[in-house]
Amino acid sequence: MPHPTDTGQELFPTEKPSLFADVIVPLYLPKTLTWSIPVAMEQQVKQGCRVEVQVGKSKRYAGIVKRVHHEIPGKYEVKPILSVLDETPVVTTQQLQLWEWIASYYCCSEGEVMIAALPSHLKLSSESVIQYNEFHAVALHELSDKEYLVAEALEIKQQLSLAEIQTLLDSHYVYPVVKKLVEKGIATVWESLQEKYKEKTETYVTLSPLYRNEAALEELVNSWSKAPKQLDLLLAFLHFDRTEGQVVKSALLKKAGASAAVLDGLVSKGVLQLEKRSVDRLPQMAKELDVAIEFSEPQQKALESLRQQTQTHAVTLLHGVTGSGKTQLYIQLIADTIRKGQQCLYLLPEIALTSQIVRKLRQHLGGYVGIYHSKFNPNERLELWNKVLSGEIQVVLGARSALFLPFNNLQLVIIDEEHDSSFKQYDPAPRYHARDAAIFYASLWNAKVLLGSATPSIETYHNCETGKYGLVTLNERYGDLELPAMELIDLKQVPDSRKGKVILSPPMKEAIDQTLQAGKQVIVFQNRRGYSPYQICNVCGWIPRCEHCDVSLTFHKSTQKLHCHYCGATYPPAKTCEACGSHQFRQKSFGTEQLEESLEQAFPNHAVARMDTD
């Protein structure tokens, strides 16, 4: 049926609303718009709840209520809220304050922050629904083939979505067909807002109440005369039930090697029952703490110093060398937070979210830890969101997007590798820095922030030196291990027949050769791709640049072209200088292609592989 608001009648014509709500919608809008709250919804509309609102002539969105008030907007006609989608808030007051700060500080709209912050299943926008008009007066044989197909399907199903019509016609270009059907009165169009989240269910097998006492069950088994496969499945169920406690249909059939038809036979006889239950998509672990960590003397001193620094500073930097055991200190502080019934956010760069750190945290903190990163599907993200909101999950380990989760008692924020550039979101908006935004978010909770790094960013270290942040240093590696030896070689001081163009210095060749002779592998890093980062005119110094980006072009030997690494444009290699007309060019520096070539020449008996974005 058409949506009630499409009839042209007001939802509540006799009662004039006195309450209004500022609602954030997932759109770029310079300011937050206001909708009126119908009298019947006044008790339901709360800050942080989702409400269905209309934007423009027909489009509907699920927006987040930012503020409820009595101020009547005077510049535009206020539309009523259409419905309330949540009984309780899905976004906290602190989250709304964080969204407002990010929008102000990083020059974007709160709608853009909302798009980045919410799981996709909470961000609803309306879908056009095509509905059949049974009172039309058009004969179907007068329609075109495509119109007839859609009209016939509408007559059967009564309504179709645009996606269903696209599938039916095997084409994405269906708007002209829909428009013709609407013009001829065969169909009408309205907007429908649909929830996308679906609970995951499993079918469980249980024993019928008739056979839950030992005597009745024993008599049933002893008197069984036919259907031996059913008896085998029943015995397998009884064993599974006593060892596992709960029997999942799929697991039972797999273990017993039986078909679904055999199980259906037992169900039809009233021996077994099938029951669908909602199950959790996230792995369940026991909530047990195991933090009996044996700290070294430097670690113990650092832990005590951290506890002292957090008493006097909101933000503290743990400056520890690589391998000093910073993670073990984090685990101890997180365990202290869990014991107080509080929540902790542990942020890592995306690349550092490896199975190793996840395994280490779960080994010590068990089911208290939830993981949140880009590999999770929308259903899993929403389930984790709800568990954090309810306080069921006390510790969240995640990349920068975990910052937007709805904590209800956040007291500790750990940002490991705080210097890492991947904490900065560059595109699209909001272009926020997760470290800085997390520090602000923690201030809303009066929570403590711990930054960890072996190579702190300049701004963080400056804040430590000025006394704004606390500072704890850990200069010894765990287990008295020595730091790897590092040797800096000035290639300009290495003699070479090619006038100073040295790629592999003698000490590097020797070190690589010794490693290969020992049967081990070598990684050689170079932060330039292509063969040569740029060409230069020998006479006047002119360098070929991209016509679009005005950056120097990189020569790629594999394509024999000059590439722009910004926009991807390619050009033929420069033969004539556009400044002086000279034909004398030389290649400066080297990239991964030339490095690969040099390694193959220096070590011809060993396999060399190049891995870069090319």
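Up top is the structure these notes are about.
Residue indices follow the written sequence of each chain, beginning from 1 at its first position. In view of the model being predicted, local features appear only for residues whose pLDDT reaches at least 70, and side-chain atom pairs are presented and counted only at 80 or more, with totals across whole chains, interfaces and linings using the full set of residues. Based on all heavy atoms of the structure, the side-chain values leave hydrogens and waters out of the count.

**Student:** I would appreciate a short explanation of the pairing of strand β17 (residues 448-453) in the present structure.
**Tutor:** Moving residue by residue along a regular strand, the side chains alternate between the two faces of the sheet. A simple rule labels every residue: compare its accessible area, found with a 1.4 Å probe on the protein chains alone, to the largest value its type can have, and call it buried under 20%, exposed over 50%, or partly exposed in between. Secondary structure is summarised from DSSP: a helix means a run of H or I of at least four residues, a strand means a run of E of at least two, and numbering begins at the N terminus for each. Burial within β17 is extensive, with five of its six residues counted as buried. Strands pair, by our definition, only if DSSP identifies at least two bridges between them. Summarising the sheet, strand β12 (residues 315-320) and β17 pair through five bridges and their orientation is parallel. If you follow Thr316 over to β17, its bridge partner there is Leu450. Across five bridges, the pairing between strand β16 (residues 410-416) and β17 is parallel. Looking at the pairing, Asp416 lines up with Gly452 of β17.

**Student:** Where do I start with the side chain of Ser36 in this structure?
**Tutor:** Residue position: Ser36 is located in strand β2 (residues 33-37). Given the relative accessible area of 6%, Ser36 is considered buried. Contact criterion: two residues are considered in contact whenever any of their non-hydrogen atoms come within 4.5 Å of each other. Excluding residues within four positions of it along the chain, Ser36 makes contact with Pro17, Leu19, Phe20, Val78, Lys79, Pro80 and Ile81.

**Student:** Help me out: how do you make sense of unusual backbone geometry in this one?
**Tutor:** Note: most peptide bonds trans; most residues except glycine with negative phi. With omega at -5°, the peptide bond leading from Asp427 into Pro428 counts as cis. Here Pro428 lies in the loop between β16 and α14 (434-445). The peptide bond linking Ala429 to Pro430 adopts the cis configuration, its omega dihedral lying at 5°. Mapped onto the elements of the fold, Pro430 is located in the loop between β16 and α14. Backbone geometry at Cys107 places phi at a positive 55°, although glycine is not the residue there.

**Student:** Any chance you could explain the environment of Ser401 here in plain terms?
**Tutor:** As for its position among the elements, Ser401 is in the loop between β15 (395-398) and β16. Taking the C-alpha atoms as reference points, Ser401 and Glu350, 51 residues apart in sequence, are found 9.8 Å from one another. When residues no more than four places from it in sequence are discounted, the contact partners of Ser401 are Tyr372 and Tyr432.

**Student:** I keep staring at the packing of aromatic side chains and nothing clicks. Help me out?
**Tutor:** Pairs were defined over the aromatic rings of Phe, Tyr and Trp, the Trp ring being its six-membered one, requiring ring centres within 6.5 Å. Orientation was assigned from the angle between planes: stacked under 30 degrees, edge-to-face over 60, tilted for the rest. Taken as a whole and judged by the stated rule, the model has eight aromatic pairs. A centroid spacing of 4.6 Å and a plane angle of 10° characterise the contact between Trp101 and Phe440, whose relative ring orientation is stacked. Residue Trp101 is found in helix α1 (residues 93-105), and its partner Phe440 is found in helix α14; the two are separated by 339 residues along the sequence. Relative to Tyr432, the ring of Phe404 lies with its centre 5.2 Å away and its plane at 75°, an arrangement referred to as edge-to-face. Residue Phe404 is found in the loop between β15 and β16, and its partner Tyr432 is found in the loop between β16 and α14; the two are separated by 28 residues along the sequence.

**Student:** In this structure, what is going on with the nonpolar core? I would like to understand it.
**Tutor:** One recurring pattern in soluble globular proteins: nonpolar side chains tend to sit buried together. Within this scheme, the nonpolar core is defined by two criteria: the residues are buried Ala, Val, Leu, Ile, Met, Phe, Trp, Tyr or Cys, and they are joined through side-chain atoms within 4.5 Å. Grouped together as the largest cluster of nonpolar side chains are 50 residues, with contacts concentrated most on Trp99, Val396 and Leu405. When contributions to this core are tallied by element, the ones reaching two or more residues are α1, α2 (110-117), β12, β13 (343-347), α13 (378-390), β16, α14 and β17. Not counting residues up to four positions away in its chain, the partners in contact with Leu405 are Gln95, Tyr372, Leu384, Trp385, Val388, Val396 and Tyr441. Counting 32 residues, the second-largest nonpolar core is a separate cluster that includes Leu306, Leu333, Leu397 and Val472.

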